[in-house]
Amino acid sequence: MPRTLQTTPRQDGFRAPGEFEPKAGCWLIWPERPDTWRLGAKPAQKLFAAVAAAIAQSEPVTIIASQKQWQNARARLPEHVRVVEMSTNDSWLRDCGPNFVVNDHGDVRGVDWTFNAYGGFDGGLYHPWDLDDALARKILETEHMDRYRSPLIAEGGGLQCDGQGTLITTEQCLLNRNRNAHLGKPEVERQLQAYLGVEKIIWLPRGMAFDETDGHVDDLCCFVRPGVVALSWTDDHDDPQYEIVREAEDILRAATDARGRLLEIHRLYHPLPSEMTAKESESIDLVDSTWARPAGNRVAASYINYYPGNSVVVVPEFGCDLDRGAKATLAGLFPDHRIIGIENSREILLGGGNVACITLPVYAGRTAS
């Protein structure tokens, strides 16, 4: 029976892997919430199924579906994709699921952060969130993995590790008053080091504009491999991200990682933020939640929000000329992978995220060489 441990990963010799490391599988949640996903989530379900099918070419995929949606999900997904029934509040599994940690013996465990739906009753996106906060434990028990429960309020999309002791995150998110501001930066750093096994934390002040998660790093930059970072980019002075990405690049170029290396930066050009149309807004249910999506609501589009599998890289497409350049850049960064674009990923974007946000990689673990 999997255990809930009273120690920390660092005490037990575990570390957070880089997102590019070998995976044993991937989990997603089948979308259905009508005040997040337009038209009863039917367009989003089609996109989630496409993402699942793409990743399943690389590693096993598990889909979480509610009791009401299990049969529909099963019918719309490939037979080799596992569908399990669990209760959830929404579909952002990267954020409410566990962060997996590994050791040099090939063992894998999970960190169960405290989850409050991106701010609780102080700017959070939905309530209740109790089912999502319980989800990490359910997944870890299903995977037969031991669990560390952390008091830190954190989401996987706000954390980028290189697997060798370096973490990139944003102050806007983790030090927000609706997350961990009451702890103070030194204590937040101590807990990140304890639960992720990291030694060096590179703090960026903020994430992308219009990011309703309070500045997650997973739209802004990510580790391609140790010492190498992909950064979302624009040369357009009218882009609201213009100053943000330059600020991030300046900090990253001046920083060294846990092993003392300067970082190699690769730019991934992004399109201008999208605006929700009146038609799209009208197709979202208005219910008793804390977040509304009116016409004109802007959302940040970023190719950084991709999923690197064992043999594929699954990347959002936005139906613009930049799609081709982004896939070409990623092909150069991942020469041994096949790049699979998800057409019209706008349907996921309108819900508040993209490919990385809806996927939870389960790491395979590997022994030290």
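Residues numbered from 1 in each chain as written. Predicted model: local features only at pLDDT ≥ 70, side-chain atom pairs only at ≥ 80, totals over all residues. Heavy atoms only, no water.

## Let's talk about the overall build of the protein
For clarity, the cut-off: Here a helix means four or more residues in a row that DSSP labels H or I, a strand means two or more in a row labelled E, and each is numbered from the N terminus. Contacts are assigned to residue pairs with any non-hydrogen atoms lying within 4.5 Å of each other. For every accessible area listed, the method is Shrake-Rupley and the probe measures 1.4 Å; residues are considered covered only by the protein chains on display. Neither His nor the chain termini are counted; the positive set is Lys and Arg, and the negative set is Asp and Glu. By convention, the point assigned to a charge is CZ for Arg, NZ for Lys, CD for Glu and CG for Asp.
Looking only at helices and strands, the protein has 12 helices and 19 strands in total. Taken along the three principal axes of its C-alpha coordinates, the protein extends 50 × 50 × 45 Å. A separation of at least 24 residues holds for 75% of the contacts in the protein among residues at least 6 apart in sequence. Carbon and sulfur atoms provide 48% of the accessible area of the protein, an area that totals close to 14,500 Å². For the protein, the centre of its 38 positive side-chain charges and the centre of its 52 negative side-chain charges are spaced 3 Å apart.

## What about the environment of T62?
How we decide: Residue exposure (1.4 Å probe, protein chains only): buried if accessible area is under 20% of the type maximum, exposed if over 50%, otherwise partly exposed.
Examined against the element boundaries, T62 turns out to sit in strand β3 (residues 61–65). What makes T62 buried here is its relative accessible area of 6%. For the pair T62 and L167, spaced 105 residues apart in sequence, the C-alpha to C-alpha distance is 27 Å. Other than its neighbours up to four places away in sequence, T62 contacts C26, W27, L28, R82 and V84.

## Description of the environment of D285
Assignment of secondary structure puts D285 in the loop between α9 (278–282) and β15 (298–299). Note: C-alpha distance between D285 and L39 (246 residues apart in sequence) is 8.2 Å.

## Side note on the pattern of salt bridges
How we decide: Basic side-chain nitrogens of Lys or Arg form a salt bridge, by our definition, when they fall within 4 Å of a carboxyl oxygen of Asp or Glu.
The tally for this structure, following the rule as stated, stands at 26 salt bridges. With its nearest N and O atoms 2.9 Å apart, the salt bridge here joins D112 to R147. Pair noted here: D112 is in strand β6 (residues 108–114) and R147 is in strand β7 (residues 147–153), with a separation of 35 residues, a long-range link. Note that R206 and E247 form a salt bridge whose closest N and O atoms lie 2.8 Å from each other. In this pair, R206 is assigned in the loop between β10 (200–204) and β11 (221–225) and E247 in helix α8 (residues 242–254), connecting sequence segments 41 residues apart. Several salt bridges converge on common partners, so that one network encompasses R3, D12, R109 and D146.

## Focus: helix α5 (residues 135–142)
Two residues of an α-helix separated by three or four positions point the same way, owing to the 3.6 residues in each turn. Under the convention used in this document: To obtain the arc, one takes the directions from the helix axis to the C-beta atoms.
Of the positions making up α5, those classed as buried are L135, A136, I139 and L140. One side of α5 holds all its buried residues, which, seen down the axis, span an arc of 130 degrees. Following α5 by one or two positions, H144 has its phi on the positive side, about 60 degrees.

## Here we look at the sheet that holds strand β18 (residues 338–342)
Our working rule: Here the rule is simple: two strands pair whenever DSSP picks up at least two bridges between them. The angle between two axes is taken between their N-to-C directions and runs from 0 to 180 degrees, where each axis is a line fitted to C-alpha atoms and a helix contributes only its stretch in contact.
Taking strand neighbours across the sheet as the criterion, the 3 strands line up as β16-β17-β18 in an open arrangement whose pairing is mixed. The open sheet has two edge strands, β16 (307–308) and β18, and neither has a second partner. Of the strand pairs in this sheet, strand β17 (residues 312–316) and β18 are connected by 5 bridges, and their pairing is parallel. Bridge pairing links V312 to R338 in β18. In the packing of helix α1 (residues 42–55) onto the sheet, the strands contacted are β16, β17 and β18, and the crossing angle to β18 comes to about 175 degrees.

## Let's talk about the state of the cysteines
Here is the rule: Here, two cysteine sulfur atoms that lie within 2.5 Å of each other are counted as a disulfide.
Within the structure shown, the criterion is met by 0 disulfides. Looking at the unpaired C221, the closest cysteine sulfur is the one in C222, lying at 7.0 Å. Given the relative accessible area of 0%, C221 is considered buried.

## Focus on the sheet that holds strand β12 (residues 228–233)
Pairing between sheet strands relies on hydrogen bonds along the backbone, with the strands arranged either parallel or antiparallel. Across the sheet, 3 strands lie side by side as β11-β12-β13; this open sheet has mixed pairing. At either margin of the open sheet sits one strand with a lone partner, and together these are β11 and β13 (264–269). In this sheet, neighbouring strand axes are inclined to one another by 30 degrees on average, regardless of whether the strands run parallel or antiparallel. Direction of pairing for β12 relative to β13: parallel, over a ladder of 6 bridges. From the neighbouring strand, S232 faces β13, where its bridge partner is L268. This element, helix α10 (residues 322–333), spans β11, β12 and β13 of the sheet and lies at about 155 degrees to β13.

## A word on the side chain of T170
Put simply, the rule is: In the analysis that follows, any N or O atom pair within 3.5 Å is treated as a polar contact, provided that within protein one partner can donate a hydrogen and the other can accept it, and provided that, for residues neighboring in sequence, both atoms belong to side chains.
For T170, the location among the structural elements is in strand β9 (residues 166–170). Looking at T170, the relative accessible area reads 1%, which means it is buried. Of the polar contacts made by the side chain of T170, one reaches the backbone nitrogen of C173; its length is 3.3 Å. Apart from residues no more than four positions distant in its own chain, T170 is found in contact with L175, W203, L204, R206, G207, D214, G215 and V217.

## What about the packing of aromatic side chains?
Aromatic ring pairs: the centre-centre distance and the angle between the two ring planes describe each pair. Formally: Stacked, edge-to-face and tilted are the three classes for Phe, Tyr and Trp ring pairs, Trp counted by its six-membered ring, which pair at centre distances within 6.5 Å; planes under 30 degrees apart are stacked, over 60 edge-to-face, the rest tilted. Whether a charge sits over a ring comes down to the Lys NZ or Arg CZ being within 6 Å of the ring centre and within 35 degrees of the ring normal.
In this structure the tally under the stated criterion is 7 aromatic pairs. Through pairs of rings, three or more aromatic residues link up here, namely W37, F48 and W92. Geometry around Y307 places K23 over its ring, the cationic atom sitting 5.8 Å from the centre. Over the face of the ring belonging to Y242 we find R246, whose NZ or CZ atom lies 3.6 Å from the ring centre.

## Remarks on the side chain of D323
When you line up the elements, D323 lands in helix α10. Only 2.8 Å separates the side chain of D323 from the backbone nitrogen of G319, close enough to count as a polar contact. Residues contacting D323, with those up to four places away along its chain left out, are Y303, E317 and F318.

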